[in-house]
Amino acid sequence: MDEQKRIEHQIELATRAAALVKDEPTGHRFRGFAEELKRKLRRMMRRGQVRARAYELWERAGRPADRELEFWLEAERQLEDEWEERKGVGDCS
């Protein structure tokens, strides 16, 4: 099972457990754990998106040597702008 699937499975289990448990503090801990896992999954997915964008930028630039950090940072900046733009659009609805 790959890392993403494993985390998704853990989120599902924690969410189910939170719904089934009668003790509120325990349910709260399960819900908190599920939220922590969701944040981890988002970070993981974003890292993959940054990697893909950086590679695309590097290829478009003719695959220059020793500029990996430059392309990584530019990819992060572009994607952060896109995420913020989408978040802003979602707020207007």
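The text that follows walks through the structure, step by step, so that each part is easy to find.

Criteria and thresholds
- Residues numbered from 1 in each chain as written.
- Predicted model: local features only at pLDDT ≥ 70, side-chain atom pairs only at ≥ 80, totals over all residues.
- Heavy atoms only, no water.
- Helix = DSSP H or I, 4+ residues; strand = E, 2+ residues; numbered from the N terminus.
- Rg over C-alpha atoms; globule rule 2.2 N^0.38 Å.
- Buried < 20%, exposed > 50% of the residue type's maximum accessible area, 1.4 Å probe, protein only.
- Contact = heavy atoms within 4.5 Å.
- Salt bridge = Lys/Arg side-chain N within 4 Å of Asp/Glu carboxyl O.
- Axes fitted to C-alpha atoms, helices over the stretch in contact; angles between N-to-C directions.
- Parallel < 35°, antiparallel > 145°, perpendicular 65-115°, else oblique.
- Left-handed = near helix turned anticlockwise from the far one by under 90°.
- Patch = residues over 30% accessible without salt bridge, like charges linked within 9 Å, V, L, I, M, F, W, Y side chains within 5 Å.
- Areas by Shrake-Rupley, 256 points an atom, 1.4 Å probe, with all protein chains shown as cover.
- Lys, Arg positive; Asp, Glu negative; His and termini not counted.
- Charge placed at Lys NZ, Arg CZ, Asp CG, Glu CD.

**Considerations on the overall build of the protein**
At step 1: Each helix and strand in the protein was counted, giving three helices and zero strands.
At step 2: Listed N to C, the secondary structure of the protein is α-α-α in terms of helices and strands.
At step 3: For a compact globule of 93 residues, the expected C-alpha radius of gyration is about 12 Å, and the protein comes in at 18 Å, more than 25% above that figure.
At step 4: Each principal axis of the C-alpha atoms in the protein carries an extent, and together these give about 60 × 40 × 15 Å.
At step 5: The buried share among the 93 residues of the protein stands at 20%.
At step 6: Expressed as a percentage of contacts within the protein between residues at least 6 apart in sequence, the contacts between residues at least 24 apart total 50%.

**Side note on the pattern of salt bridges**
At step 1: With the rule as written, the count across this model stands at 12 salt bridges.
At step 2: The partner of Lys40 in a salt bridge is Glu3, and the shortest N-O contact between them spans 3.8 Å. Here Lys40, found in helix H2 (residues 24-60), pairs with Glu3, found in helix H1 (residues 3-20); they are 37 residues apart in sequence, far enough to count as distant.
At step 3: Between Arg77 and Glu74 there is a salt bridge, and its shortest N-O distance comes to 2.6 Å. Highlighted residues: Arg77 and Glu74, both in helix H3 (residues 68-92), separated by three residues, approximately one helical turn.
At step 4: Bridged by salt links that share partners, the residues Glu3, Arg6 and Lys40 form one connected network.

**Brief notes about the packing of H1 against H2**
At step 1: Viewed as axis vectors pointing N to C, H1 and H2 meet at an angle of 160°, and their least axial separation amounts to 8 Å. On the basis of their axis angle, the class for H1 and H2 is roughly antiparallel. Where H1 crosses over H2, the handedness of that crossing is left-handed. Between H1 and H2, the contacting residues are Glu3, Gln4, Arg6, Ile7, Glu8, Gln10, Ile11, Ala14, Thr15, Ala17 and Ala18 on the first element and Gly27, Phe30, Arg31, Phe33, Ala34, Leu37, Lys38, Lys40, Leu41, Met44 and Met45 on the second.

**A look at a positive patch on the surface**
At step 1: On the surface, a cluster of positive charge is made up of Arg39, Arg42, Arg43, Arg46, Arg47, Arg51 and Arg86.
At step 2: Looking at the positive patch element by element, the count peaks at six residues for H2.
At step 3: Looking at where Arg43 falls in the secondary structure, it is placed in helix H2.

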